[in-house]
Amino acid sequence: MTPVDRTHSPHRRRFLCSAAALPVARAIGTLAVFGNAQVALAAAPAGTRYNRVLVLVELKGGNDGLNTLVPYTDPMYYSLRPKIAIKRDDVVQLSDRAGLHPSLAPLVPLWRESELAILQGVGYAEPNLSHFRSIEIWDTASKSAEYLQDGWLTRAFAVRPAPSGFAADGVIIGSGDLGPLAGGGTRAIALVNTEQFLRRAKLAQPTPIAGNPALAHVLKVEADIVQAAAHLDARYKFRTEFPSGNFGSAIHTAAQVLANPSGVAVVRVTLTGFDTHSIQVGTQARLLKEVAGGLLALKGALIELDKWNDALVLTYAEFGRRPKENISGGTDHGTANVQFALGGRVAGAMYGAPPDLSRLSGDGNPPYALDFRSIYATILDHWWSVDSRAVLGGRFAPVPFLKA
Amino acid sequence: MVARTFRFGRMLAVALCTSATVVCAAAAPMGYDDARHLLARTGFGPTDAEVREFAALPRADAVARLLRDVRTVAVTSPPAFTSVAGPLRPPPRDATDAERRAFLQEQIRHGLALRAWWLQEMLATPSPLTERMTLFWHNHFVSSQQKVRIARLMYGQNALLRAHALGNFGTLLHAAAKDPAMLVYLDSAQNRRGQPNENFAREVMELFTAGEGKYTEADIKEAARAFTGWSVNRETGEYLFRPGAHDHGNKTVLGQSGRFDGDAVLDILLAQSSTAEFITGKLWREFVSPEPEPREVKRIAQAFRSSNYDIKVALRGVLLSDAFWVRGNRGTLVKSPIEFVVGTLRQLEIPPPNGLPFAVLAAGMGQNLFSPPNVKGWPGGNAWIDANTLLARKQFVDRLARADEASQPMTAVAAPESPSAGPSRAPTPFFVADDQKARFQRLAREADRGLRSVNFDAAAWLAARSGATRTDKEYAAQALLLALPPQAPPRSGDDALTFIRATMQDPVYQLK
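Residues numbered from 1 in each chain as written. Chains lettered and ligands numbered in written order. Predicted model: local features only at pLDDT ≥ 70, side-chain atom pairs only at ≥ 80, totals over all residues. Heavy atoms only, no water.

(A) View of the sheet that holds strand 4 (residues 99–100) of chain A. Residue and element names in this part refer to chain A. With antiparallel pairing, 3 strands are arranged side by side in an open sheet as 2-4-3. The sheet terminates laterally at strand 2 (69–70) and strand 3 (92–93), the two strands that pair on one side only. As paired elements, strand 2 and strand 4 share 2 bridges and run antiparallel to each other. Looking at the pairing, Val70 lines up with Gly99 of strand 4. (Pairing = 2+ DSSP bridges. Helix = DSSP H or I, 4+ residues; strand = E, 2+ residues; numbered from the N terminus.)

(B) Representation of the nonpolar core within the structure. Counting 215 residues, the largest nonpolar core has A:Ile225, B:Met133, B:Trp137, B:Phe141 and B:Phe396 as the members making the most contacts within it. The element best represented in this core is helix 6 (residues 97–124) of chain B, accounting for 11 residues. Within the second largest apolar cluster, 49 residues are counted, among which are A:Tyr376, A:Trp383, A:Leu392 and A:Val399. (Core = buried A, V, L, I, M, F, W, Y, C linked by side-chain atoms within 4.5 Å. Buried < 20%, exposed > 50% of the residue type's maximum accessible area, 1.4 Å probe, protein only.)

(C) Representation of a positive patch on the surface. On the surface, B:Arg93, B:Arg100, B:Arg149 and B:Arg234 cluster together into a patch of positive charge. Of note, B:Arg93 is situated in the loop between helix 5 (59–68) and helix 6. (Patch = residues over 30% accessible without salt bridge, like charges linked within 9 Å, V, L, I, M, F, W, Y side chains within 5 Å. Areas by Shrake-Rupley, 256 points an atom, 1.4 Å probe, with all protein chains shown as cover. Salt bridge = Lys/Arg side-chain N within 4 Å of Asp/Glu carboxyl O. Lys, Arg positive; Asp, Glu negative; His and termini not counted. Charge placed at Lys NZ, Arg CZ, Asp CG, Glu CD.)

(D) How the structure looks around empty space enclosed by the protein. Residues and elements named next belong to chain B. Overall, the coordinates contain 6 cavities of 30 Å³ or more when judged by the stated rule. Taken as a whole, the largest cavity spans an internal volume of roughly 100 Å³. In this structure, the largest cavity is lined by 15 residues; those nearest its centre are Phe44, Gly45, Lys335, Glu339 and Lys512. Looking at the lining of the largest cavity, the elements with two or more residues in it are helix 3 (31–42) and helix 19 (337–347). Per-element tally for the lining of the largest cavity: the top contributor is helix 19, with 5 residues. In terms of residue class, the lining of the largest cavity is built from 6 nonpolar, 5 polar and 4 charged. (1 Å grid on protein atoms, 1.4 Å probe; cavity = no way out; pocket = protein on both sides within 12 Å on 5 of 7 lines; lining within 4 Å. Points joined across faces, edges and corners; volume = space filled by probe spheres on them. Nonpolar A, V, L, I, M, F, W, Y, C, P; charged D, E, K, R; others polar.)

(E) Focus on the packing of helix 15 (residues 273–287) of chain B against helix 16 (residues 294–306) of chain B. All names here are of chain B. Here helix 15 crosses helix 16 at 120 degrees, and the two axes come no closer than 8 Å. Accordingly, the angle class assigned to the pair helix 15 and helix 16 is oblique. When the axes of helix 15 and helix 16 are compared, the crossing they make is right-handed. Counted together, Ser273, Ala276, Glu277, Ile279, Thr280, Gly281 and Trp284 of helix 15 and Glu296, Val297, Lys298, Ile300, Ala301, Phe304 and Arg305 of helix 16 form the full contact between these two elements. A per-class count over the contact of helix 15 with helix 16 returns 7 nonpolar, 3 polar and 4 charged. (Axes fitted to C-alpha atoms, helices over the stretch in contact; angles between N-to-C directions. Parallel < 35°, antiparallel > 145°, perpendicular 65-115°, else oblique. Left-handed = near helix turned anticlockwise from the far one by under 90°. Contact = heavy atoms within 4.5 Å.)

(F) Fine view of the pattern of salt bridges. By the definition in use, this model includes 38 salt bridges over all chains. We note a salt bridge from A:Asp169 to A:Arg187, for which the minimum N-O separation is 2.8 Å. With A:Asp169 in strand 6 (residues 168–173) and A:Arg187 in the loop between strand 6 and strand 7 (188–191), the pair connects residues that are 18 residues apart, well separated along the chain. For A:Arg187, a relative accessible area of 2% gives the class buried. Its salt-bridge partner being B:Asp69, residue B:Arg65 comes within 3.8 Å of it at the nearest N-O pair. When salt bridges with common partners are traced through the structure, they connect B:Asp48, B:Arg52, B:Glu349 and B:Arg465 into a single cluster.

(G) Main features of the pairing of strand 1 (residues 53–59) of chain A. All names here are of chain A. Summarising burial for strand 1: 7 of the 7 residues are buried, a large majority. Burial of the side chains of strand 1 extends over both faces: Val53, Val55, Val57 and Leu59 are buried on one face and Leu54, Leu56 and Glu58 on the other. With 6 bridges connecting them, strand 1 and strand 9 (residues 311–316) associate as parallel partners. Bridged to Leu56 within strand 9 is Leu314. Here strand 1 runs beside strand 8 (residues 264–271); their pairing, made up of 6 bridges, is parallel. Bridging from a neighbouring strand, Leu54 pairs with Val266 of strand 8.

Keep in mind that these numbers describe shape and distance, not what the molecule does.
Rendered as structure tokens:
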């Protein structure tokens with residue numbers, strides 16, 4: 001896509017804004033009412049709410065949803081997983097049907113405070129079981145056989161740009177893969193830690209953006225680096241303690257990014273290692289413990305920054321895992337999965353439907369209950385007030401996991 | 001910079017051309033800038049000596065020479081494992097964890113050796129165009145070790161792509177379709193009579209030949225039936241046709257009906273004018289500019305198709321098009337990470353003792369050889385450059401230009417994250433395994449050692465540029481390294497290292 005010069009061309013920005021306002025205005029007349037958020041949108045059609053941040057937590061490799069949110073009363077679950085099922089007594093029961101993996105027990109206070117939404121059976125039609133392809137589908141919000149170049153957040157920022165004064169549209173922590181921010185148009189900054197980024201960013205020079213499209217693109221990225229480096233710093237000292245280890249550091253870096261006063265609309269952190277084809281039990285227990293510790297620290301940091309009510313934390317993975325355990329004490333690639341949404345404005349409850357273990361497909365996977373793009377639509381429409389249909393190319397029923 | 005680049009060559013050309021400009025454009029020596037452009041676009045960053053040699057040739061002669069000198073085999077010896085024939089031995093279904101791990105680790109080792117070797121071949125080859133076209137086809141007939149796993153098959157595919165890199169496209173298409181790595185990558189072995197798998201049939205139409213929108217879903221379903229029975233012989237690692245799995249019935253593909261087999265469908269696809277145009281358009285974006293000119297593409301594609309798909313005909317058409325040479329199209333393409341890394345080593349005349357660290361660095365910039373992100377290949381173009389990859393590139397040249405100085409390890413950020421799964425786009429780590437992170441850290445250290453193992457004498461390099469004065473030498477260095485005038489010209493009179501570093505930090509250095 002043609003690079004958009006956000007630093008030096010206010011006219012271009014204005015054009016994008018007004019062009020984007022049209023479908024939004026048209027949408028208001030036709031959309032069903034799904035809550036007060038829609039009314040708010042109608043009242044302020046031009047206003048997006050990028051002051052609210054989205055923190056994506058990617059559980060890379062495909063976290064096993066069935067052992068994350070355990071259907072502990074379902075005999076099918078125990079018969080499919082004689083070796084790796086979570087024992088009923090170990091499950092942290094949240095309802096009379098489902099409970100959390102014991103490693104996630106630290107999240108129970110959030111659940112009690114109604115700050116944790118659990119999205120069940122999330123997936124898409126004609127699931128692709130390749131890690132690479134499936135995460136691409138997830139990141140670009142495409143159909144199973146559709147190849148899109150830009151990430152779904154890149155498209156969101158094309159429809160409605162984030163404020164130009166932001167440090168960046170999005171910051172990707174600990175991953176070279178821009179995922180939902182891929183594509184030329186966004187100001188996406190990938191970094192491992194703030195200090196290192198700031199050290200390296202000295203190699204970038206601000207130069208007026210000019211020249212052919214390729215040169216203009218390089219200059220824009222260079223300007224993005226300079227802008228982000230000017231706003232980010234590593235000086236904020238949190239009282240919150242962050243867990244040791246890579247994920248804890250990534251969460252700490254995320255908190256440092258969120259501490260910058262100029263804003264950023266999206267932060268993504270990644271925890272890897274969920275591809276548990278063998279000897280899953282210990283590995284997943286360790287990883288979920290890291291997840292719980294990291295999420296709790298993130299909440300602490302956001303409260304410290306007074307941003308908990310303006311933050312939405314969402315976990316996701318490329319797919320879930322197969323209900324039937326394999327002979328190696330692990331699980332193979334699956335479909336319908338569970339996701340968590342956390343934050344001060346989250347309407348804590350369970351949404352979607354648990355995977356139906358009595359309706360497995362030929363390759364042993366359950367049908368999905370909730371299209372992942374419905375979650376994106378909810379975020380776009382109700383978190384940021386960005387018309388989801390302009391971004392997703394269709395209407396996906398929102399999930400009411402956000403408070404009005 | 002136009003006015004101050006290699007003035008001697010240009011003056012000579014002007015002197016020869018004053019009376020008969022038109023004739024002379026074809027027959028006169030093309031001069032330094034044109035030669036640099038041609039070699040930068042068809043190879044990896046040319047050296048000064050190469051540019052001077054070509055500067056004395058007229059454009060058409062230079063293109064003819066590039067096409068004459070192409071190779072069909074590598075000049076360097078591939079890793080030893082590639083010569084082992086015999087059965088493919090992926091772990092059986094009931095393999096133990098230890099067996100799986102051992103297999104995986106062996107394939108990872110082989111895969112790394114393969115990357116190191118190809119990168120060395122790119123540095124060593126007397127025909128960089130051969131390797132550029134091999135890489136072009138690698139990104140066209142895509143397979144990835146992430147899925148194929150067996151490095152020997154990836155090597156076999158690489159050798160095949162090189163053998164036909166500038167040969168006949170029809171022959172290449174038929175061979176690539178039956179290539180074992182491709183058969184694994186696009187699930188051909190799962191495509192059986194009565195249970196068709198459409199993966200290959202879809203991609204061969206959409207990505208390898210006619211292009212999107214030139215066929216229907218029904219064509220895909222019918223073609224998939226024609227490809228049934230194509231398989232890999234696990235005992236030999238070679239293509240095997242399984243007649244029992246083939247659907248011998250009637251099929252209708254793109255309006256033609258018959259008891260087609262896979263080869264017949266490929267011939268139908270080759271008969272489509274859209275196939276020649278699709279390939280020509282892709283060559284245009286690789287070599288000329290991001291925006292193909294439809295009339296020119298049509299013209300070149302016609303010649304390509306009438307030649308029965310001689311790839312040299314298409315490439316000659318592209319390289320001798322007016323658009324290839326116009327000033328406005330110079331510096332309009334982004335160097336791929338491989339071009340960036342290999343080109344930098346070539347232009348600074350740094351022969352690395354081992355290719356692997358540099359393959360790792362290129363992977364950190366988003367191009368992991370033998371592991372394109374998906375069947376569409378690396379998207380390329382402007383998508384090569386994001387904040388992370390740009391800083392990885394800048395850090396690389398910064399470190400290289402001060403290879404004799406101690407400094408911070410550079411690869412920590414350049415190294416992509418290391419999921420057990422691997423990402424879908426952008427910096428692709430080496431493939432699947434649980435101990436990914438540890439492995440990547442080892443590779444990052446290796447990349448670091450690789451950078452420390454090279455020596456670059458900036459003063460000697462700059463002194464070797466042409467020109468009588470230091471200023472002349474600086475101009476000559478810029479004329480060699482940059483496709484366009486620098487955005488932030490370095491201060492003249494800085495020490496040689498500072499000058500070269502600043503030139504390579506210039507945004508224009510990302511372009512070709």
